[in-house]
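The residues making up each chain are set out below.
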Amino acid sequence: MSLTSLEEKGLDPLQLSEKFFELWHQNNLQMLHLAAIQGFSKLSEPLEALLTILESCPGKQKGRSHTLGYHILMEFQTWMKERPQMSLSSLAEDKAVELQRRALGLLTDTQPNFVDTLMNIYQIKTLDPSIQCMHIYKLQALNCYKEAVTLSIKLGLQTELNMEKMLIPLILQDKLPLAESFVKGHRQLEKQLVMLLDSWCYPDFNVEEIRKKSPCLSLAKHYVTQIQPKMLTKHVVRLMEKFKIDQSFCPNALHKRRLDSLRYLVYKTFGDKTMTEENWTDHVQYVVADDLELQVHLVELLVKYSSLRKASQWSLRYNLPKDRLSQGVWEMQQSLPPDLQQICLNNLTTQEEEWIPPQSHCQKFYQAPLTKDKVHFVDTLETLQRCQSFVLKESGVVGVDMEWQPTFGCIAAQKVALIQLAVLDQVFLLDLCAKGFCHQPDLVGFIRALFSERNILKLGYGMTGDLKCLSATWPELSEEPLKMEGMLDLLKVHQEIQRGKVNQVQNAPREVLVGEDSSEKGLSLLVQQVLGKPLDKTEQMSNWEKRPLRISQIRYAAADAYCLLDVYSALSSNPASFGLPADLRSITSGQSEKSKDKEKKGKKAAQNPSKEECQGAQRVSPPHSDKLKGLLCGEQPSEDTPPLTPQQLRVVCDNMLQGLGRYLRCLGVDVVMLENTDDHRVAAKLAQDEGRVILTCGQPFQTLRSQVGEGRCLALDCSEKARDQAIRVLRHFNVQPTPSDIFSRCQACNSDEYVSIPRADMETMLKEKGFLQDHSTSDYMLEKSCQQEELRPDDTLTPSVTLEPPRYAAQCRWASLSGLDRDTMTFPGGSPIQLHTVPPALLQRIPLFYVCTRCGKVFWEGSHFGRVLSLFQEVLHITEKDHISVAGPFN
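Attention in this report is confined to the structure presented alongside it. Quantities reported herein were computed from a predicted structural model and do not represent experimental measurements.

Regarding the packing of helix α1 (residues 13-25) against helix α4 (residues 68-81)
Here's step 1: For the pair α1 and α4, interaxial distance at closest approach is 11 Å and the crossing angle is 120 degrees. The handedness of the crossing between α1 and α4 comes out as right-handed. Each of F20, F21 and W24 in α1 lies in contact with α4, whose residues at this interface are L68, H71 and I72.
Here's step 2: For the contact of α1 with α4, the per-class residue count stands at five nonpolar, one polar and no charged.

This is how it looks when you write it as structure tokens:
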């Protein structure tokens, strides 16, 4: 059809739609634009015709960022701007409402521009809210939970809808951020969401009780593991701070946090023995507070992990009733002399401690080269001025660290108690707990001046947490954030050293391992690597708000800041020995070229591991593990070794290789793909439990390989295209797929079980659920269905199909249609059939549909098979019989 044929008066919208689809299929967007300009002007009822055109448009297509409907709508919007008289208000009220309802039915797309434009053209927000709500609930009934919530936010319907009905499915699908957006700005809804999550934070919580409210909802194992009290408690505490909800509305989460903190303190003190008695005493009182159940639990833990005497002392302190005491505690209370019935709650006085620690301590840990008189407390304006004169010197270097009172997660925001500023030969301790000092304007001004001065190099280690606590201390820093200039985060430098795999510290007394095998972590590990000794972190979890500070606390605070100067000096004097660039500041702004080269070499080495690297931990091996092990070690398959079928290879792809995973599924390989939020350790767990091979790329390879043992992890190049990665994997494991393997697994969920649904049954289902309208079976729609090409659940295909079983029938499991629950449209253990993705026009062309029984995706035969065949022809094992069966319809 030429553009001249669009000049007729009262142009049929289906005729225009046919032209649009033809140009879209040719990928000719310029001609589509011209056709739209001319065609819209020839429509007798443009607003009504636009809806008819949009209703006939296909869904998303692979390789295209926008749909045809999106392009048509954008063109119509542009065309409308030049015709202000063209608006909904020019129509009769009944006609306008009819068009609004039809437009509302199209609002299932999550593309913001499409939704916003359609809402604006048809003024959807003026439609009766009850009608809008009905559409939202209809989307929910179709399991379009994300789309329903997104649209309800745009329509401003949050207060009109049932909050729990809307948000529980989202939370169960690990989409809590979207649930937060739903309630944001609505004070009552914010409180209801936090209270809902808190109601699940009890020890015997079972997610199955919640799932009963959404029986059609299908959940992956990963999502189920996220819905448990520990993770929920973290969300409650975070949202409580975010929405400023009073703690009294979150009793379960706070009790869970305090109970976990109590157990942690007991372990650190009596199990790990890394917490001092003074710190234990301070923290346990804060955590237990006046909660009777926690007090009783504390005594029970002390009986188990410490002694009856200590348990009795704490039970006396809290005056616990006799019937709540553990066995033996009451008797011990009676036998204790009066002087032992009280717990000594006072710290050791500062006079009892020496500034210089014992020789054994000095030999084991890093010591700041400072005498006590070089460490200055800053708690008045006078001492602040002296501090400024030393710290704000141009071209100076300052080590910055901060301390705050540990709250063990009971509250999210923590206020800074002490700021340490180290310069050459001196350390200044800014005491923010000194009465009135924290609120001095000069103090905040000094902090702003220090951080904004680019000519003063500030050294820190992982400053994100420090800056967050600073904002909690001074709210004005949230309103007007600090200007950060001249900062060097040594955490970035440390990460660069680890990337360079530096395992031997120059001039260090012994080898220092980088990573999980080292007993040191964080800054202490960096200090050990560079200076030869770690930090003593005993006082890290002190009560930093209690005054006076102990000598050991002051010594720790000074060392934590001063070590940054020593580390920087050592790294700057010989950066090459640590695999660092000459300018350490370049690491913060971007990774050095040298480091990038090292990473490339590391990837290459990871893809070709040595035989020694393939030997190690013994694990449960998958079928043909000996063969896989040899291939991972770089061995070529021997001529007499039979190739693997796709079904014999079971893999787990990390979240950087999802494109590879889809291609492998397309060829029949059993593939589990990690979600974007999954930790890499999930891959190791799946490999161990299910006998899978891990496919990964980049840094995780080394860690994962050590966890799963021999021949169970393969590294790939992330820069390669997914198709090339798939061919590399197939060749590596000598897997020879055949045409009958293509589409033998669902690309969406990895299931290999389908059910075939004849046209008549599909038509009945569509009618029962309201998806089959009279206008959907027009001649135009039938003609259009012959032109679309993807084997995807939302696209139409070529008409060359038969009633014969699909070519991959022998590689799949086939369920009976009798197992379908016609009320919920679900198969046992699966999701509802996605009927809304089936264009009604297909019914005249496609005699047989295939449905995945797990996720409900609907498929039908088409030319996508030919494209896959072309993509992977170099690795497919095609016989003469295969050539005959595939050449006709797809050439």
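Considerations on the pattern of salt bridges
Here's step 1: Tallied over the entire structure, the rule returns 30 salt bridges.
Here's step 2: With a closest N to O distance of 2.7 Å, R238 and E180 form a salt bridge. One end of the pair, R238, is in helix α14 (residues 229-242); the other, E180, is in helix α10 (residues 176-183), with 58 residues separating them in the sequence.
Here's step 3: Classification of E180 as buried rests on a relative accessible area of 6%.
Here's step 4: One salt bridge connects K537 with D560, and the closest N-O pair in it is separated by 3.6 Å. Here D560 lies in helix α27 (residues 551-573) and K537 lies in the loop between α26 (522-531) and α27, a separation of 23 residues in the sequence.
Here's step 5: Salt bridges linked by common partners bring R650, D670, E690, R692 and R745 together as one network.

A short note on the environment of M134
Here's step 1: Looking at the element boundaries, M134 is found in helix α7 (residues 129-141).
Here's step 2: Spatially, the C-alpha atoms of M134 and L161 are 9.8 Å apart, while their sequence positions differ by 27 residues.

Notes on the pairing of strand β4 (residues 426-431)
Here's step 1: By the criterion of burial, β4 is predominantly enclosed, with six of the six residues buried.
Here's step 2: Burial along β4 is two-sided: Q426, F428 and L430 and V427, L429 and D431, pointing in opposite directions, are all buried.
Here's step 3: In this sheet, β4 lies alongside strand β1 (residues 375-378) in parallel orientation, the contact comprising four bridges. Note on β4: the bridge partner recorded for V378 is L430.
Here's step 4: Where strand β3 (residues 416-423) meets β4, six bridges bridge the pair, whose relative direction is antiparallel. When the bridges of β4 are listed, A422 appears paired with V427.
Here's step 5: Hairpin connection of β3 to β4: two residues between the antiparallel strands, including D425 at a positive phi of 70 degrees.

What counts, and where the lines are drawn
Residues numbered from 1 in each chain as written. Predicted model: local features only at pLDDT ≥ 70, side-chain atom pairs only at ≥ 80, totals over all residues. Heavy atoms only, no water. Axes fitted to C-alpha atoms, helices over the stretch in contact; angles between N-to-C directions. Helix = DSSP H or I, 4+ residues; strand = E, 2+ residues; numbered from the N terminus. Left-handed = near helix turned anticlockwise from the far one by under 90°. Contact = heavy atoms within 4.5 Å. Nonpolar A, V, L, I, M, F, W, Y, C, P; charged D, E, K, R; others polar. Salt bridge = Lys/Arg side-chain N within 4 Å of Asp/Glu carboxyl O. Buried < 20%, exposed > 50% of the residue type's maximum accessible area, 1.4 Å probe, protein only. Pairing = 2+ DSSP bridges.

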